[in-house]
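Residue-level listing of the chains:
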Amino acid sequence: MRAERGNTFFIHTFGCQMNQADSGIIASLLQEEGYVPVEHEAEAGIVLLNTCAVRENAVDRIEHFLQRLHGQKKRDKGLIVGVAGCIPQYQREKMFSLYPAIDFLAGPDTYRTIPSLVEQVRSGGKLSSLEFNSAETYEGVEPVRQGAISAFVPVMRGCNNMCAYCVVPFTRGRERSQPFRSVILEVQKLVASAYKEITLIGQNVNSYCDAEEGYDFAALLEAVSREAPSLRIRFTTSHPKDISESLVRTIASRPNICNSIHLPVQSGSSRMLGLMNRDHTIEEYRDKITLIRSVIPDVALSTDIIAGFCGEQEEDHQASLDLLSDIRFDSAYMFFYSTRPGTLAARTLEDDVPEPVKKRRLQEIIDLQNRISGELFHEAIGTVVEVLAESESRRSSEQLMGRTAGNRAVVFDRENYQPGDLLNVIITGATSATLTGRPIHP
Ligand code: SAH
Ligand code: SF4
Ligand code: F3S
């Protein structure tokens with residue numbers, strides 16, 4: 001049966017991996033009610049934006065989409081536009097007057113209401129469903145997945161920290177964990193469907209806690225790795241306060257858990273970490289890195305860093321550069337600070353670093369990190385790495401792109417390999433972001 005156009009939907013996803021996973025949950029909830037996904041927005045009767053509010057430029061991007069969709073709705077009266085995720089949870093009903101294209105709003109805890117919102121919008125009016133529900137983990141919803149190789153499994157949601165710059169606690173609400181049994185069930189299904197890699201995700205994934213069954217994150221990770229012994233297991237994002245010795249030992253002892261940790265630091269200066277309300281000093285962070293490296297010598301570390309937070313002086317900035325030089329992260333996500341209304345920093349601190357200074361400091365951070373990544377990647381030339389092939393390379397169908405356990409991208413000659421294959425590649429070249437090589441045969 002051909003779907004009527006009014007029942008077809010298309011989702012644009014912005015933001016973090018949690019949002020990517022959530023779009024799969026929304027798609028599943030819509031499909032259960034008879035809605036049909038389409039490949040292109042132009043074919044869809046319902047267009048959904050699943051949005052991110054973490055930085056100002058993420059919000060700007062959505063504005064462009066909504067302006068375009070407003071024009072489209074003038075030509076196509078039946079088109080329904082919904083906005084889900086972090087922006088509506090944060091900006092709430094004022095979005096209706098800011099962006100006339102929007103028919104309905106749904107927050108991260110109310111995706112289950114989306115099918116009925118669509119129904120109600122059809123009979124006229126604009127609707128929102130933005131309650132927090134700290135019991136909602138979407139347990140029992142089988143997500144629609146992109147691709148058949150690598151899968152995200154959300155194990156916890158929300159954030160109980162109050163980093164001064166960050167909007168996530170306001171958009172995602174309190175922490176809650178998926179029950180242990182439910183995570184294991186999902187993992188068993190992924191194993192049965194021949195997935196090759198599982199990434200456990202959460203805003204603070206290592207705060208995971210199933211108190212009833214007695215599982216912390218280390219115990220969960222161990223159990224998942226045993227349940228899926230032939231799959232690669234990854235996890236993100238970790239908070240430094242919850243890096244425990246048992247977690248580090250679990251990663252080291254289980255061969256299928258990738259020796260790779262993304263550990264956002266945000267600043268190299270304890271004074272800034274205090275203003276940021278990060279709950280740890282830079283010495284404590286460095287101690288965690290020392291612990292990790294002593295137990296997992298070949299670990300690949302990556303981080304997030306913010307330039308130009310409120311009150312940042314040249315010496316604080318220098319401390320961030322020093323930290324990057326000392327630790328030599330494999331890679332980093334680097335941002336300049338943007339005020340988010342409503343956060344602790346927006347309410348209590350002055351955004352006093354001028355924009356050109358923020359941008360100059362960010363550029364210095366990027367230049368240094370690119371140099372370090374380039375050096376580390378060059379050191380890999382001549383070594384043999386194990387790669388999970390993910391897709392055709394963007395440049396040529398004669399080449400595949402894959403990742404090492406340390407999450408480095410590798411482009412290599414395809415030969416007879418297919419996405420999903422795990423193979424050894426000898427590295428013959430490197431930039432600061434990609435390795436190149438060719439398969440070697442046993
Ligand atoms: N839960 C994760 C991710 C948070 S958002 C964590 O705790 O690390 C991802 C990154 O965005 C943060 O680590 C931080 O580096 C950056 N970020 C968050 N708010 C920001 C802001 N207002 N301005 C600039 N960067 C920000
Ligand atoms: Fe934001 Fe901090 Fe929570 Fe991460 S830990 S989501 S940076 S408040
Ligand atoms: Fe963005 Fe929300 Fe994720 S603000 S980073 S989509 S948790």
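Residues numbered from 1 in each chain as written. Chains lettered and ligands numbered in written order. Predicted model: local features only at pLDDT ≥ 70, side-chain atom pairs only at ≥ 80, totals over all residues. Heavy atoms only, no water.

Participant: So what exactly am I meant to see when it comes to the domain arrangement of the protein chain here?
Facilitator: For an interface, size is often stated in terms of accessible area lost upon the parts coming together. What the domain assignment reports for the protein chain is domain 1 (5-129), domain 2 (150-376) and domain 3 (384-440). The gap between the C-alpha centroids of domain 1 and domain 3 is 36 Å. (Domains from an automatic or database assignment.)

Participant: Got a minute to help me understand the site of ligand 2 in this structure?
Facilitator: With respect to spatial proximity, the complete set of residues near ligand 2 consists of Cys159, Asn161, Cys163, Tyr165, Cys166, Val168, Pro169, Asn204, His239 and Arg278. Among the residues forming the shell around ligand 2, the class breakdown is 6 nonpolar, 3 polar and 1 charged. (Near = heavy atom within 4 Å. Nonpolar A, V, L, I, M, F, W, Y, C, P; charged D, E, K, R; others polar.)

Participant: I tried to follow the site of ligand 3 on my own but got confused; where do I start?
Facilitator: The environment of ligand 3 is formed by Cys16, Asn19, Thr51, Cys52, Ala53, Val54, Cys86, Arg172 and Gln203. Along the lines of polarity and charge, the residues of the shell around ligand 3 split into 5 nonpolar, 3 polar and 1 charged.

Participant: Looking at this structure, I do not really get the packing of aromatic side chains. What am I missing?
Facilitator: The relative placement of two aromatic rings is captured by the distance of their centres and the angle of their planes. For the structure shown, the criterion picks out 6 aromatic pairs. Ring geometry for phenylalanine 14 versus phenylalanine 65: centroids 5.2 Å apart, planes at 85°, classification edge-to-face. On the criterion of sequence distance, the pair formed by phenylalanine 14 in the loop between β1 (8-13) and α1 (17-32) and phenylalanine 65 in helix α2 (residues 56-75) is long-range, its members being 51 residues apart. For phenylalanine 14, a relative accessible area of 8% gives the class buried. Between the aromatic rings of phenylalanine 180 and tyrosine 215, the centroid separation amounts to 3.6 Å while the plane-to-plane angle is 5°, which identifies the pairing as stacked. A residue pair is termed long-range when its members are at least 10 positions apart, and phenylalanine 180 in helix α7 (residues 180-192) and tyrosine 215 in strand β12 (residues 215-216) qualify at 35 residues. Phenylalanine 180 sits in the buried class, given a relative accessible area of 4%. Among the aromatic side chains, those forming a connected cluster through ring pairs are Tyr165, Phe309 and Tyr337. (Phe/Tyr/Trp six-rings, centres within 6.5 Å; stacked < 30°, edge-to-face > 60°. Helix = DSSP H or I, 4+ residues; strand = E, 2+ residues; numbered from the N terminus. Buried < 20%, exposed > 50% of the residue type's maximum accessible area, 1.4 Å probe, protein only.)

Participant: What exactly am I supposed to notice about the packing of α7 against helix α8 (residues 217-227) here?
Facilitator: Each pair of packed helices can be summarised by the angle the axes make with each other and by the distance between the axes. Relative orientation of the contacting elements α7 and α8 amounts to 25°, with a least axis distance of 10 Å. One finds that α7 runs roughly parallel with respect to α8. As α7 runs across α8, the sense of the crossing is right-handed. Counted together, Phe180, Val183, Ile184, Val187, Gln188 and Val191 of α7 and Leu220, Ala223, Val224 and Glu227 of α8 form the full contact between these two elements. (Axes fitted to C-alpha atoms, helices over the stretch in contact; angles between N-to-C directions. Parallel < 35°, antiparallel > 145°, perpendicular 65-115°, else oblique. Left-handed = near helix turned anticlockwise from the far one by under 90°. Contact = heavy atoms within 4.5 Å.)

Participant: When you look at the pairing of strand β16 (residues 331-336) in this model, what are you seeing that I'm missing?
Facilitator: Direction of pairing for strand β15 (residues 300-307) relative to β16: parallel, over a ladder of 6 bridges. If you follow serine 302 over to β16, its bridge partner there is serine 331. Read from β15 through helix α12 (residues 314-327) to β16, the crossover connection turns out right-handed. (Pairing = 2+ DSSP bridges. Right-handed = clockwise from strand over helix to strand, strands pointing away.)

Participant: Which parts of the structure should I look at to understand the sheet that holds strand β10 (residues 197-201)?
Facilitator: Picture the strands of a sheet paired through backbone hydrogen bonds; they go either parallel or antiparallel. Reading across the sheet, the 3 strands line up as β7-β10-β13 and stay open at both edges, with parallel pairing between neighbours. Edge positions in the sheet fall to β7 (150-154) and β13 (232-236), since each of these pairs with one other strand and no more. Each neighbouring strand pair of the sheet contributes to a mean axis angle of 25°, computed without reference to strand direction. With 5 bridges joining them, β10 and β13 adopt parallel strand pairing. Residue pairing for β13: threonine 199 is matched across the bridge by arginine 234.

Participant: What is the right way to read the pattern of salt bridges from this model?
Facilitator: Two side chains bearing opposite charge may form a pair once their charged atoms approach each other closely. All chains considered together, the criterion is met by 28 salt bridges. A salt bridge links arginine 181 to glutamate 213, with the shortest nitrogen-to-oxygen separation between them at 3.2 Å. You can see arginine 181 sitting in helix α7 and its partner glutamate 213 sitting in the loop between β11 (209-210) and β12, a full 32 residues away along the chain. On the basis of relative accessible area, glutamate 213 is assigned to the partly exposed category, the value being 38%. As a salt-bridge pair, arginine 408 and aspartate 330 come within 2.8 Å of each other at their nearest N and O atoms. Placement of arginine 408 in the loop between β18 (399-403) and β19 (409-413) and of aspartate 330 in the loop between α12 and β16 is noted, with a sequence separation of 78 residues between them. Aspartate 330 shares its class with arginine 408; the two are buried. One salt-bridge network, held together by shared partners, links Glu312, Glu314, Arg360, Arg361 and Glu364. (Salt bridge = Lys/Arg side-chain N within 4 Å of Asp/Glu carboxyl O.)

Participant: Just to check I follow, could you spell out helix α11 (residues 282-295) for this structure?
Facilitator: Given 3.6 residues per turn, any residue in an α-helix points the same way as the ones three and four places further on. Given a rise of 1.5 Å per residue, 14 residues ought to cover 20 Å, and the 20 Å separating the end C-alpha atoms of α11 matches this to within 8%. Those residues of α11 that sit buried are Ile282, Tyr285, Ile289, Ile292 and Val295. The arc that holds the buried residues of α11, viewed along the axis, is 160°, so those residues lie on one side. In α11, those exposed residues whose orientation departs by more than 90 degrees from the buried face are Asp287, Thr290 and Ser294. At its buried positions, α11 is contacted by α9 (245-253), β14 (260-262), α10 (270-275), β15 and α12. Sitting at the amino-terminal end of α11 is threonine 281, which places a side-chain oxygen 3.4 Å from the backbone nitrogen of glutamate 283. (Expected span 1.5 Å × (residues − 1). Arc of directions from axis to C-beta. Polar contact = N/O pair within 3.5 Å; in protein donor to acceptor, adjacent residues only side chain to side chain.)

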